[in-house]
Amino acid sequence: MVAERSKITAIIGPNGAGKTTLLNSIFGIADIFKGRILLNGSDITGLKPHKIAKRGVGYVTQTNNIFADLTVEENLRLAAHELNKGDYVEKKNEVLELFPRLKEFLGRRAGTLSGGERRMLAIAIAMMKSPTVVLLDEVTTDLAPIMVKKVLEKVVELKEKLGLTILLVEQYAHRALEIADRVYLLVSGEIKFGGEPRELLKHEDLIGLYLGAV
Ligand SMILES: Nc1ncnc2c1ncn2[C@@H]1O[C@H](COP(=O)(O)OP(=O)(O)OP(=O)(O)O)[C@@H](O)[C@H]1O
Ligand SMILES: [Mg+2]
């Protein structure tokens, strides 16, 4: 599996396919028994998550990706605890330019935000560490269609404005196919398809079996 620089690579597949496990493996959370993970050609297999993060990989996990009891600002500060005050403020302002709605909520407890706002915050938290590669695990699941669209538009914006490399796990396959440059279909831990989204759409058998109507 290859995630090209400054492109969106989508990973889709049924529940329990191993999508989260794949992201956990990349980020050093799950044990790896076979295969290697290369980042810009250098082997990061088996490194601890904080080392992988230091190399520029950000991870928005499927659950528990914000601290609900802390304010929005505290969430951002915690993500950038290694920065001094001045650098933090600079970084925060940079990230808030990408997520302007969050400016209104800085003093609010993160748990009181709407579902969509919370997903935006989770991505903003990851952006505080200035990643070059971002792993996004189902950032749109359970959101209203309008918010799904907004969050995915933000993902595209991150790619286009910052040149981020994005690995996007998505439950809404059709949405993922719309914005992805490349897509992998994962079933029971195996890659059943890898290629351009429009190529996958030609495989009616795979779509019918694993994705329902796209
Ligand atoms: N720590 C674990 N110990 C044992 N089995 C696990 C563990 N974590 C995940 N699994 C199993 O591995 C399989 C893949 O799980 P994973 O969470 O990666 O799937 P997924 O594709 O992300 O699914 P979903 O779309 O529901 O998030 C599942 O059968 C799951 O129950
Ligand atoms: Mg998952």
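See the structure shown above.
Here the structure is a predicted model, which means the values were calculated and not measured.

A.B. asks: Account for helix H6 (residues 145-162), with residues named and values stated.
C.D. replies: Between the first and last C-alpha of H6 there are 26 Å, a value that for 18 residues agrees with the 26 Å anticipated at 1.5 Å per step. Where H6 is buried, its residues touch strand E1 (8-12), helix H5 (115-127), strand E5 (133-137), strand E6 (165-169) and helix H7 (173-179). Once H6 finishes, Gly163 follows within two positions and takes phi at roughly 70°, a positive value.

A.B. asks: Tell me about unusual backbone geometry, residues and numbers included.
C.D. replies: Among all residues except glycine, the phi angle is most often negative; among peptide bonds, the trans geometry is most common. We note that Asn40 has phi near 50°; this positive angle belongs to a residue other than glycine. Along the chain, Asn40 turns up in the loop between strand E2 (38-39) and strand E3 (42-43). Unlike most non-glycine residues, Asn64 shows phi in positive territory, near 50°. Within the secondary structure, Asn64 sits in the loop between strand E4 (57-60) and helix H3 (72-79).

A.B. asks: Could you give me a rundown of the environment of His50, with the residues and numbers involved?
C.D. replies: Mapped onto the elements of the fold, His50 is located in helix H2 (residues 49-54). On the basis of neighbour counts, which here come to 8 C-beta atoms within 10 Å, the residue His50 falls in the exposed class. Here the alpha-carbon distance between His50 and Gly28, two residues 22 residues apart in the chain, equals 8.7 Å.

A.B. asks: Hey, could you go over the environment of Asp142 for me, with residue numbers and the actual values?
C.D. replies: Topologically, Asp142 is positioned in the loop between E5 and H6. Linking Asp142 and Leu70, residues 72 residues apart in sequence, is a C-alpha distance of 23 Å.

A.B. asks: Break down the site of ligand 1 for me, with residues and values.
C.D. replies: Around ligand 1, the surrounding shell consists of Gly13, Asn15, Gly16, Ala17, Gly18, Lys19, Thr20, Thr21 and Gln62. Each residue belonging to the shell around ligand 1 can be placed in one class, and the counts come to one nonpolar, seven polar and one charged.

A.B. asks: Which residues make up the pairing of strand E7 (residues 182-187), and what values do they have?
C.D. replies: As judged from the four bridges shared by E1 and E7, these two strands associate in the parallel manner. Its bridge partner lying in E7, Ile11 is registered against Tyr184. Of the pairings in the sheet, the one linking E7 to strand E8 (residues 190-195) comprises five bridges and is antiparallel in character. Residue pairing for E8: Val187 is matched across the bridge by Glu190.

A.B. asks: I'd love a proper account of the packing of H5 against H6, names of residues and values included.
C.D. replies: In the contact formed by H5 and H6, the axes pass within 10 Å of each other and the chain directions differ by 15°. Our classification of the angle between H5 and H6 gives roughly parallel. The handedness of the crossing between H5 and H6 is right-handed. On the side of H5, the interface is formed by Gly115, Gly116, Arg119, Met120 and Ile123, while H6 contributes Met147, Lys150, Val151 and Lys154. Split by residue class, the contact of H5 with H6 holds four nonpolar, two polar and three charged.

A.B. asks: An account of the sheet that holds E8 is needed here, citing residue identities and associated values.
C.D. replies: In a beta sheet, neighbouring strands pair by backbone hydrogen bonds and run either parallel or antiparallel. Read across the sheet, six strands follow the order E4-E5-E6-E1-E7-E8 without closing on themselves; strand pairing throughout is mixed. In this open sheet, the two edge strands, each paired with only one partner strand, are E4 and E8. Strand-to-strand twist in this sheet, taken as the mean axis angle between neighbours without regard to direction, amounts to 15°. In the packing of H5 onto the sheet, contacts are made with E4 and E5, and the angle to E4 comes to roughly 160°.

Definitions and cut-offs
- Residues numbered from 1 in each chain as written.
- Chains lettered and ligands numbered in written order.
- Predicted model: local features only at pLDDT ≥ 70, side-chain atom pairs only at ≥ 80, totals over all residues.
- Helix = DSSP H or I, 4+ residues; strand = E, 2+ residues; numbered from the N terminus.
- Expected span 1.5 Å × (residues − 1).
- Contact = placed C-beta atoms within 7 Å.
- Buried ≥ 20, exposed ≤ 12 C-beta atoms within 10 Å, placed from the backbone.
- Near = placed C-beta within 6 Å.
- Nonpolar A, V, L, I, M, F, W, Y, C, P; charged D, E, K, R; others polar.
- Pairing = 2+ DSSP bridges.
- Axes fitted to C-alpha atoms, helices over the stretch in contact; angles between N-to-C directions.
- Parallel < 35°, antiparallel > 145°, perpendicular 65-115°, else oblique.
- Left-handed = near helix turned anticlockwise from the far one by under 90°.

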